[in-house]
Amino acid sequence: MDLEELFGEVEKFGFDPITYQYFHQLLDKRTIILNEYVTDATVEKVYLPLKEFEEDNSTDPVTLILNSCGGSVANGFYLAQYISLYSKPLNIIVPGMAASMAGIILAGGGKNENVIRYGFPASYVLLHDGYVALESSESRTADDIMEFNKGVDADIRDFIITNTNITPEMYDAHARKQWFIKGQELIDLGMLDHLYGVDDK
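Below or above, wherever it landed, is the structure these notes cover. Residue numbers run consecutively from 1 along every chain, following the written order of its sequence. The model is predicted, so local features are restricted to residues of pLDDT at least 70 and side-chain atom pairs to those at 80 or more, both for listing and for counting; the totals for chains, interfaces and linings are taken over all residues. The side-chain values count all of the structure's non-hydrogen atoms but skip hydrogen atoms and water molecules.

Here we come to the side chain of Thr42. Put simply, DSSP marks the helices as runs of H or I at least four residues long and the strands as runs of E at least two long, and each gets a number from the N terminus on. Summarising the element assignment, Thr42 is placed in helix α3 (residues 42-55). Whether two residues are in contact is decided by their heavy atoms: any pair within 4.5 Å suffices. With sequence-adjacent residues up to four places away left out, Thr42 is seen in contact with Tyr37, Tyr47, Asn75, Tyr78 and Leu79.

This is the structure:
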């Protein structure tokens, strides 16, 4: 389709070009794109298409392009767990970064034989503990929030250790730090499976 035809379709359906291109890739190429903050909209843009493709009759692989600086744990951790159990071929490509919550989503494919994860030499992952803002004037409420947050941090720690090559000792050594991982270390730590332009030499 040339540009004139593309914009004709955009005008016909009332989509802006970026929205049109997203749905074109989604429907024709089985490609899902997550290149923004992880929010409640992630349910509609990522989880629902993944679920739809998992339940259809096609055996063609699904591709998730993951390029996000992270976002809400509440709106992303379920997606990481879902990917760890995904029952069809799924390729995840990190063109730039999978930071914070996006890094946890990426880790979800580590031990799933149906998932293959790709990146570039400059692609990187950022892992760190979560945090919560305490604005309550009630000390008991603040304590409850802190206790809950500690539990979520523990769940994420266990998830990353279970689904990657990161050991408890390595994870704990980087606790409360901004842990940037790139290049061959992504392969060694089980965060990626292939680096374009490196493993194909």
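Structure's up, so let's keep going.
Aromatic pairing here means that ring centres of Phe, Tyr or Trp (its six-membered ring) are within 6.5 Å. Orientation follows from the plane angle: under 30 degrees is stacked, over 60 is edge-to-face, and everything else is tilted. Counted by the stated rule, this structure contains seven aromatic pairs. Measuring from centroid to centroid gives 5.4 Å for Tyr118 and Tyr196, while their planes differ by 10°, and the two rings are stacked. Of this pair, Tyr118 sits in strand β5 (residues 115-119) while Tyr196 sits in the segment after β8 (194-195), and the two are 78 residues apart along the sequence. Considering the side-chain rings of Tyr124 and Phe180, the 5.9 Å spacing of their centres and the 55° angle between planes classify their relative orientation as tilted. With a gap of 56 residues between them, Tyr124 in strand β6 (residues 124-127) and Phe180 in strand β7 (residues 179-182) connect regions that are remote in the sequence. A 1.4 Å probe rolled over the protein chains alone gives each residue an accessible area, and that area as a share of the maximum for its type sets the label: buried under 20%, exposed over 50%, partly exposed in between. Tyr124 sits in the partly exposed class, given a relative accessible area of 28%.

Turning to empty space enclosed by the protein, a few remarks are in order. Cavity: a set of points on a 1 Å grid over the protein atoms alone where a 1.4 Å probe fits but cannot get out. Pocket: an open set with protein on both sides within 12 Å along at least five of seven lines, its lining residues, like those of a cavity, having an atom within 4 Å of a point. Grid points are joined across faces, edges and corners, and a volume is the space filled by probe spheres set on the points. On inspection of all chains with the given rule, the structure shows one cavity of 30 Å³ or more. By volume, the largest cavity is sized at about 50 Å³. Every residue along the wall of the largest cavity is listed here: Leu127, His128, Asp129, Tyr171, His174, Ala175, Lys177 and Trp179. Here the lining of the largest cavity is composed, by residue class, of four nonpolar, two polar and two charged. Under the scheme applied here, ten amino acids are nonpolar (Ala, Val, Leu, Ile, Met, Phe, Trp, Tyr, Cys and Pro), four are charged (Asp, Glu, Lys and Arg), and all others, including Gly, are polar.

Let us now look at the pairing of β7. Alternating residues of β7 divide into Trp179 and Ile181, all buried, and Phe180 and Lys182, none buried. What makes two strands pair is DSSP finding at least two bridges between them. The sheet contact formed by β6 and β7 spans four bridges and is antiparallel. Counted as the bridge partner of Tyr124 is Lys182 from β7.

Right, let's talk about the pattern of salt bridges for a bit. Take a side-chain nitrogen of Lys or Arg and a carboxyl oxygen of Asp or Glu: if they are within 4 Å of each other, that pair is a salt bridge. Taken as a whole, this structure holds seven salt bridges when the rule is applied. Arg117 is paired through a salt bridge with Asp193; the nearest N and O atoms lie 3.2 Å apart. With Arg117 in strand β5 and Asp193 in the loop between α8 (184-188) and β8, this residue pair connects regions lying 76 residues apart in the sequence. A relative accessible area of 29% means that Asp193 is categorised as partly exposed. For Asp172, the salt bridge is made with Arg157, and the minimal N-O distance between the two is 2.8 Å. Here Arg157 lies in helix α6 (residues 139-163) and Asp172 lies in helix α7 (residues 168-173), a separation of 15 residues in the sequence. With relative accessibility at 41%, the residue Asp172 sits in the partly exposed group. A residue is classified by how much of its surface remains accessible, and Arg157, at 24% relative accessible area, is partly exposed.

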